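# Structure at a glance
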Amino acid sequence: MTSELSPIDKAKFVAAKQATEYVKSGMKVGLGTGSTAAWLVQCLGEMVRDEGLKIKGVPTSSRTGQLARDVGIEVITLDEARWLDVTIDGADEYDGELNLIKGGGGAHLQEKVVATASDRMIVIADASKKVDTLGAFPLPIEVIPFGMRTTQALIEETLISQDVLGRSVTQRMVGGDPFVTDEGNFILDLHLKRIGNARQLSLILNQIPGVVENGLFLDICDVVIVGHGDGKVTVRDSAENDGAEIHFNVLDDTNIFADMND
Ligand code: 5RP
């Protein structure tokens, strides 16, 4: 069964599997969005079914909510939960200080609200997401539909004074139509190539009327778990070992993939 997964899926799976170590019965858990987070939701669903794990999940998108219900996880709203023990989510980029770009799946608004309302945020990713400096991945900005072109023009003007390498802005589309978020908004992708001062950029973007939230997650993530195609994982936990990396081989746990493919 292991051989049926591509190296990238294996990497995402082992990162997700390792992240389940942080989830205990009784916890309220933020459930991220994207292909890596989907592996996590499946792993947790299996633990609910087979091991009696009792958790309440707060999904960060309608997609994740549907998947969580499908695999048997009890789903509650953030307002019902108020505060979460942990949120586990994917990322599009992470740097050495565990700052992130998120929103490749267009869910960064709910993801940021949920992660910020959690004791800990854990990111699960494959090794391709590691960067020295954020910005190669286009930075998603959620904007309200009203006056969207004006908001875009204001963003473009703002970028002139920012320490970035690229300044083109495109609207995210799906099959010829604008991509619409769960909140009914649009996404503008900022092709910045390199973000010199992420903190300043994040503050300035969020001050523009019409901008709801940008995809920079600064000082929110506590742990990054990176999966590799050979089944190894690397954990970087800011609260332990001075943030040094710890290496595990998740494949030592035999038959791990066979379970997932039953
Ligand atoms: C969705 C996200 C995702 O977590 C991010 O795009 C990573 O996705 P994947 O795990 O599929 O690479 O931010 O808004």
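Scroll up to find the structure this text is about.
A few points on the structure. (Residues numbered from 1 in each chain as written. Predicted model: local features only at pLDDT ≥ 70, side-chain atom pairs only at ≥ 80, totals over all residues. Heavy atoms only, no water.)

Further remarks concern the site of the ligand. Taken together, 17 residues are adjacent to the ligand, and S35, T36, D92, G103 and K129 come closest. Interatomic distance of 3.4 Å between a backbone N/O atom of G90 and an oxygen atom of the ligand. Within the contact set of the ligand, an oxygen atom lies 2.6 Å away from a side-chain nitrogen or oxygen of D92. Contact with the protein chains hides 90% of the accessible area of the ligand, taken as 380 Å² for the molecule alone. Of all the secondary-structure elements, those providing two or more residues to the shell around the ligand are α2 (35-51) and α5 (108-116). Here the residues of the shell around the ligand sort into two nonpolar, 10 polar and five charged. (Near = heavy atom within 4 Å. Polar contact = N/O pair within 3.5 Å; in protein donor to acceptor, adjacent residues only side chain to side chain. Areas by Shrake-Rupley, 256 points an atom, 1.4 Å probe, with all protein chains shown as cover. Helix = DSSP H or I, 4+ residues; strand = E, 2+ residues; numbered from the N terminus. Nonpolar A, V, L, I, M, F, W, Y, C, P; charged D, E, K, R; others polar.)

Another aspect to go through is the sheet that holds strand β5 (residues 93-94). Within the open sheet, the three strands sit side by side as β5-β6-β14. Their pairing is antiparallel. In this open sheet, the two edge strands, each paired with only one partner strand, are β5 and β14 (216-217). As judged from the two bridges shared by β5 and strand β6 (residues 100-101), these two strands associate in the antiparallel manner. What sits directly across from Y94, in β6, is L100. (Pairing = 2+ DSSP bridges.)

It is worth spelling out the side chain of S118 at this point. Locating S118 in the fold gives a position in strand β7 (residues 118-126). For S118, a relative accessible area of 8% puts it in the buried group. (Buried < 20%, exposed > 50% of the residue type's maximum accessible area, 1.4 Å probe, protein only.)

A word on the pairing of strand β15 (residues 223-227). The buried fraction of β15 amounts to five of the five residues, a majority that puts the element mostly inside the structure. Residues V223, I225 and G227 of β15 are buried on one face, and the alternating residues V224 and V226, pointing to the opposite face, are buried as well. Relative to β15, β7 runs parallel, the two sharing five bridges. Among the inter-strand pairings, I124 is bridged to a residue of β15, identified as I225. Summarising the sheet, β15 and strand β16 (residues 232-237) pair through five bridges and their orientation is antiparallel. Each bridged residue has a counterpart across the sheet, and for G227 the counterpart in β16 is V233.

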